[in-house]
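Listed here are the chains, written in short residue letters.
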Amino acid sequence: MDALPGLPDGLLARLALLATVALVSSCVWSYLRSPLRHVPGPFFARISDLWRVGSWWTGHAQLTLIQLHRRFGSAVRLGPNMISLSDSNLINVVYSSKTPWIKSDMYASNDVVVDGVVTSNLFNTTDQAWHTKMVKPLRNIGTVTKTLAFEPAVDETIEIFCSKLDQMASEGVVVPMEKWLLWFAYDCLHKLTFGYHRGYLETGSDVGNFIKDAYGGLIYFGLCVNMPLLDRFLMKNPLMKPFLGPPPFLWAFQQAYADVAERKRKHEAEGTSPGSSDFLDLFLGARDSFPDIVSNDDVVVNYLFVNLVAGSDNTGISLAAIVYHVYRNPRILEKLRNELEVEKVNGTLPASYRDTSRLPYLDAVVHEGLRIHPPIGLPLERVVPASGWQMPDGGPFIPAGTKVGMNSWVSNRDEKTFGPEDVDEFVPERWMPRNGESDEAWKGRLGRMKSLMLTFGFGTRICTGKSVAMMELYKVVGTLVGKYDMTFMTPEWKMENIWFVFPSGFDVKIQQRR
Ligand code: HEM
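Remember, it's a predicted structure, so these values are computed and weren't measured experimentally.

Moving on, we get to the pairing of strand β1 (residues 75-79). In terms of burial, β1 is a largely internal element, five of the five residues being buried. In this structure, β1 lies alongside strand β2 (residues 82-85), joined through four bridges in antiparallel fashion. Bridge pairing in β2 places V76 opposite S84. Linking β1 back to β2 in an antiparallel pair, the connection comprises two residues.

Below is the structure:
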């Protein structure tokens, strides 16, 4: 083969040889000399992150990881510099609030580049000081009282959802339930964020392809999470700019800026102050309490957008998981209906948050769904701090800079915390008092399970939308179970793990109960 024009004869071949030698040496070093060599794991995972990319590619990386932990134990080497942990007690160490370990570089591929500037958000930032500052207004907003102010908007969305279900029930059509629950979650959070529905439920479709675009972004994120180097060669590479097109969600960002401007105009014209019926008003109000943080419209739009993207798929998938498992188990469905009837909660539908959140069996069902099918299906990575970390129970010393993560699909199946019932099965009874268990012992066990379930994250980076999400889950599950029967049209649903574990094939015919 001729040398490339401009390159001396043979230089290309020598460069290729040099690169191969460097790569092979790094693999051999990684395998033989790495300080992590005593942590067991698949052979290829020890030498290259490509092993993780391959596992992700299959679409069921969470199931592979469960199997790996059952084979190798509580610590598994997932990459040359990455360890996965399964012991739910270690959540308190890795995600501790007191001395937080920072998020790893896997999150950086979620940054967007706008006009050449890399922009982070609350979810993906690895800058702990910036996060501590930016999260303050949200912590203030996420109180239970503020969440209750959102309830009428959730009710309105449930009513639209039920009117569509009533219509589909009377037509006898097959309902792809996981899609409708996703549209519910997107519409509900859009209403809570901007004060109006985007129209997913009304039209029964993905308006403006927002959900499809979000899915495309997640595929990219999920790929780079496993090998962050790829992001530096792709999206964050200036040479790739001509091939990338406009930044994702450009039109949705423009719409968000227009919504903020319109709301400010409205308050000015009417002489009103921002209230608390949606996040947009809450953030405009937060400008007074946190003027140095919520300093301009860019910050407000950043908060609103991350809410929408971080919260919608998560809630839709969780709803689908809970509803699927309940309707697949007639015994559980019956027991839940009895509780709703005895407590007279199904007298008023949509079921109220105050009524539904105090029902122990509904609470058990919701937590069991969140435990067995958490929406996020890859480890939440953190970096071991400068002091290094001595693993417990005679494990090896893990040096500073190592990436360590827990996957909630794995830690939520930790038998020590969530057993002795079969941890792979949907058994809400694990959250209920056992025969002969005192009230005090049950409450202690319940509190421990709830605090060690990783579905919403933990510590300083715990989900800021948890109380809003829980309100949606209790109310929607309470309402559906009270109002509808479902007949399954497929033997089983399928799952695809790209970062979120999306279900498909939850096809049912529905009948109104009354
Ligand atoms: C069942 C539903 C939900 C689940 C399971 C869930 C789960 C999570 C998890 C695991 C994290 C932390 C990820 C990490 O450590 O890397 C997170 C962060 C976040 N979630 Fe959620 N989420 C849900 C709903 C929501 C909703 C409804 C909202 C908005 C109202 C929301 C907004 C956020 C934000 C803004 C963050 C970043 C927080 C920070 O780093 O300070 N989430 N969520």
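By nearness alone, 27 residues border the ligand, and K103, Y107, H131, R382 and C463 come closest of all. Measuring from an oxygen atom of the ligand, one finds a side-chain N or O atom of H131 at 2.6 Å. Between an oxygen atom of the ligand and a side-chain N or O atom of R461, the distance comes to 3.1 Å. Taken together, the elements giving at least two residues each to the shell around the ligand come down to α17 (297-328) and β6 (380-383). With six residues, α17 is the single largest residue contributor to the shell around the ligand. Each residue belonging to the shell around the ligand can be placed in one class, and the counts come to 14 nonpolar, 10 polar and three charged.

Moving on to the sheet that holds strand β5 (residues 175-176). By definition, the strands of a sheet pair up through backbone hydrogen bonds, in either a parallel or an antiparallel sense. The three strands are arranged β5-β13-β10 in an open sheet whose pairing can be described as antiparallel. The open sheet terminates on both sides in strands that have one partner only, identified here as β5 and β10 (484-488). Pairing between β5 and strand β13 (residues 507-512): two bridges, direction antiparallel. Bridge pairing in β13 places V175 opposite V508.

What follows concerns the pattern of salt bridges. Under the criterion given, the structure shown has 28 salt bridges. Note that K403 and D105 form a salt bridge whose closest N and O atoms lie 3.0 Å from each other. Remark: D105 occurs in the loop between α5 (91-94) and β3 (112-114) and K403 occurs in strand β9 (residues 403-406); sequence separation between them is 298 residues. When the shortest N-O distance is used, the salt bridge between R413 and D424 registers 3.1 Å. With R413 in the loop between α21 (408-411) and α22 (415-418) and D424 in the loop between α22 and α23 (439-452), the pair connects residues that are 11 residues apart, well separated along the chain. The class for D424 is partly exposed, based on a relative accessible area of 34%. Salt bridges sharing common partners tie together R52, D105, R232, E381 and K403.

The rules behind the values
- Residues numbered from 1 in each chain as written.
- Predicted model: local features only at pLDDT ≥ 70, side-chain atom pairs only at ≥ 80, totals over all residues.
- Heavy atoms only, no water.
- Buried < 20%, exposed > 50% of the residue type's maximum accessible area, 1.4 Å probe, protein only.
- Helix = DSSP H or I, 4+ residues; strand = E, 2+ residues; numbered from the N terminus.
- Pairing = 2+ DSSP bridges.
- Near = heavy atom within 4 Å.
- Polar contact = N/O pair within 3.5 Å; in protein donor to acceptor, adjacent residues only side chain to side chain.
- Nonpolar A, V, L, I, M, F, W, Y, C, P; charged D, E, K, R; others polar.
- Salt bridge = Lys/Arg side-chain N within 4 Å of Asp/Glu carboxyl O.

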